[in-house]
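Notes for the structure review
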Amino acid sequence: VNFFEDVKPLLMKNIPNRFLNLLRLLGTYGDDCDIPIYVVGGFVRDLFLGIENFDIDLVVEGNGMEFAKYVAKQLDVKVVEHEKFLTASLFFKDGFRIDVATARTEYYDKPAELPKVDISTIKKDLYRRDFTINAMAIKLNSKEFGMLYDFFGSRKDLEEGIIRVLHKLSFVEDPTRMVRAVRFEQRFDFRIEDETLEILKETLEGGYLERVTGQRIRQELEKILQEKDPVKGIKRLSELNILNRIFPKTYFTVLMEKKLKNMFLVFKRLKNIYSKNNIFYAVLRIFLEFYDVETLKSVMQRYGLPKKFVEELKKMEKRIIPVIEMIKMRIKFSDIYKILGKPVFETAAHILAYLDDEDSKNYFFEYLERVFTVKLNLSGNVLKEKFKIKSSPEIGKIMGEIFCMKLDNPYINEMEKLKEILGGRNG
Ligand code: ATP
């Protein structure tokens, strides 16, 4: 088997010139420092898939941080070093970013001898990666510019549409790869290779996913939510019993699928209204809808969910269904407001998950627009000074009444309404 292949023609065909020149330049900096430089991972994978990807991950056989600093000096860009991981990131002025990682080159035959370069260093680095499709490298140094390093049959798997781990202990080593497997499978419409699937199931049953921090699982889940068809990904997680390991009482049903689909259809529109919009929390509202207190508590701890999120979930538990009924019956906004108030993003998303028909959706969006834009011109001070009302609760109540009137009709005359209210009170 030939592990090397000149893919310069493909680079020239698929990669914009400006970008290609940067890659060549990085290669010559590698020459200057006398160290081998490779671009690896997603960039190489997507090159073969014909997908645009400007995420550059470099691997350096040598000191990655030294190399990054050299590049930063030559190109006058910012460098941030992460000593602990022997990595560095280069930040260009236009927001473009390059990550540099170190593949350790030295090994010692005897402790006293000078280090020798291990020719299979890049191979070892690639072997530690998640799947074969992500485990290719292209060399950038001038002499070998455009040489593909494919030790594990990556191209073949890519051509056949297969997600395959590099070794049997891969999922044990990093159980979040199970979630990643689903993400890539769904994104590219690939399939998880049979043996990999077996290993995945065994590792899952072995309880390894439970050993990973909630934070890391959450990160991978959030990446699935950013994919083009997240519901497909969630469905697959459920099929493989991964979802159940993450959220023990979440059962993906036809109804849940429908709710999630409804939700994802309206996120864009909701984001126009809410600057604070966390899709993960919105999805959790569906996942955790019917949880008992105990399980909810443990999930909350594991995934570091804010107290506020759980409080809102509890508060809304019994209100969601009535509010939906009210929306469907086109009950006036002021009456909905008395139950719902100004909902947070997750709550609005939760309600929309239950709404299938466009008219109801539009009615609810109109409600949201109203509650967030209607403002009173009248101030509490006017009530205090001009109308001699002293008790704050009373002022609050009157203002609330007028706000509700304005929700139903933004064009009311506030002063008139105020006089009506007060007149009515005085007899
Ligand atoms: P995307 O297109 O979603 O950015 P990506 O492949 O670039 O996909 P990243 O999460 O950015 O994914 O990771 C970059 C590279 O680092 C991957 O291609 C893979 O080789 C490696 N990698 C990332 N996470 C892991 C992991 N958990 N285990 C092993 N290798 C990983």
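Per-chain numbering applies: the sequence of each chain, read as written, is numbered from 1 onward. Predicted model: local features are reported for residues with pLDDT of at least 70 only, side-chain atom pairs are reported and counted for 80 or more only, and whole-chain, interface and lining totals are derived from all residues.

Quick look at the domain arrangement of the chain
For clarity, the cut-off: For the domain bounds, the source is a domain assignment made automatically or taken from a database.
On domain assignment, one finds that the chain holds domain 1 (4-160), domain 2 (161-245), domain 3 (247-373) and domain 4 (380-426). Taken over C-alpha atoms, the centre of domain 1 sits 68 Å from the centre of domain 4.

Points about the site of the ligand
For clarity, the cut-off: As a rule, any residue with its backbone-derived C-beta atom within 6 Å of a molecule or strand is reported as near that molecule or strand. Here a strand is any run of E in DSSP of at least two residues, a helix any run of H or I of at least four, and the numbering for each starts at the N terminus. Just so you know the grouping, Ala, Val, Leu, Ile, Met, Phe, Trp, Tyr, Cys and Pro go in nonpolar, Asp, Glu, Lys and Arg go in charged, and all remaining residues, Gly too, go in polar.
For the ligand, the full set of nearby residues is Gly41, Gly42, Asp55, Asp57, Arg129, Asp130, Asn134, Asp174, Thr176, Arg177 and Arg180. When residues of the shell around the ligand are assigned to their parent elements, the largest contribution, three residues, is made by helix α8 (residues 176-188). Tallied by class, residues from the shell around the ligand come to no nonpolar, four polar and seven charged. Structurally, the shell around the ligand is a two-domain feature, drawing no fewer than three residues from each of domain 1 (4-160) and domain 2 (161-245).

Some points on the pairing of strand β4 (residues 78-82)
Stated precisely, the cut-off is as follows: Any two strands between which DSSP finds at least two bridges are classified as paired.
Pairing of β4 with strand β5 (residues 87-91), which is carried by five bridges, proceeds in the antiparallel orientation. Bridge pairing links Val80 to Ser89 in β5. Hairpin connection between β4 and β5: a loop of four residues separates the two successive antiparallel strands, and Leu86 in this loop has a positive phi of roughly 55°.

Notes on the packing of helix α2 (residues 17-33) against helix α4 (residues 64-75)
For clarity, the cut-off: Angular values range over 0 to 180 degrees, each being the angle between N-to-C directions of two axes fitted as lines to C-alpha atoms, with helices fitted over their stretch in contact. Roughly parallel means an angle under 35 degrees; roughly antiparallel means over 145; roughly perpendicular covers 65 to 115; every other angle is labelled oblique. Each helix crossing is assigned a hand: it is left-handed if the near helix lies turned anticlockwise from the far helix by less than a right angle, otherwise right-handed if that turn is clockwise. Here, residues touch in the contact sense if the C-beta positions derived from the backbone fall within 7 Å of one another.
Here α2 crosses α4 at 120°, and the two axes come no closer than 10 Å. Regarding the angle of α2 to α4, the classification is oblique. For the crossing formed where α2 meets α4, the hand is right-handed. Here α2 contributes Leu26, Tyr29 and Cys33 to the contact with α4, which in turn contributes Glu66, Phe67, Tyr70, Val71 and Gln74. Among the residues making up the contact of α2 with α4, the classes are represented as six nonpolar, one polar and one charged.

Brief notes about the sheet that holds β4
Sheet architecture is open: eight strands sit in the order β1-β10-β9-β2-β3-β6-β5-β4, paired in mixed fashion. Single-partner strands in this sheet number two, and they are β1 (4-6) and β4. In this sheet, neighbouring strand axes are inclined to one another by 30° on average, regardless of whether the strands run parallel or antiparallel. Where helix α3 (residues 42-49) meets the sheet, its contacts fall on β2 (37-40), β3 (56-61) and β9 (137-139), and the angle it forms with β2 comes to roughly 60°.

With respect to the environment of Met65
Where we set the bar: Exposure criterion: with C-beta atoms placed from backbone coordinates, a residue whose C-beta has 20 or more other C-beta atoms within 10 Å is buried, one with 12 or fewer is exposed, and one in between is partly exposed.
Relative to the assigned elements, Met65 resides in helix α4. Met65 sits in the buried class, given 20 other C-beta atoms within 10 Å. Separated by 66 residues in the primary sequence, Met65 and Phe131 have C-alpha atoms spaced 26 Å apart. Once you skip the residues sitting within four places of it in the chain, Met65 turns out to touch Glu81, Leu86 and Ala88.

Regarding the nonpolar core
Put simply, the test is: For our purposes the nonpolar core covers buried Ala, Val, Leu, Ile, Met, Phe, Trp, Tyr and Cys residues that link as a set through C-beta atoms within 7 Å.
In this structure, Tyr38, Val39, Leu58, Val59, Val100 and Ala137 are the most contacted members of the largest nonpolar core, which totals 94 residues. Other than its neighbours up to four places away in sequence, Val100 contacts Leu58, Val60, Gly64, Phe67, Ala68, Thr87, Ala88 and Leu90.

Quick word on the packing of helix α14 (residues 279-287) against helix α19 (residues 345-353)
With their axes 9 Å apart at the nearest point, α14 and α19 run at an angle of 50° to one another. Taken together, α14 and α19 sit at an angle that is classed as oblique. The way α14 lies across α19 gives a crossing that is right-handed. Counted together, Tyr281, Ala282, Arg285 and Ile286 of α14 and Phe345, Glu346, Ala349, His350 and Ala353 of α19 form the full contact between these two elements. Looking at side-chain class alone, the contact of α14 with α19 contains six nonpolar, one polar and two charged residues.

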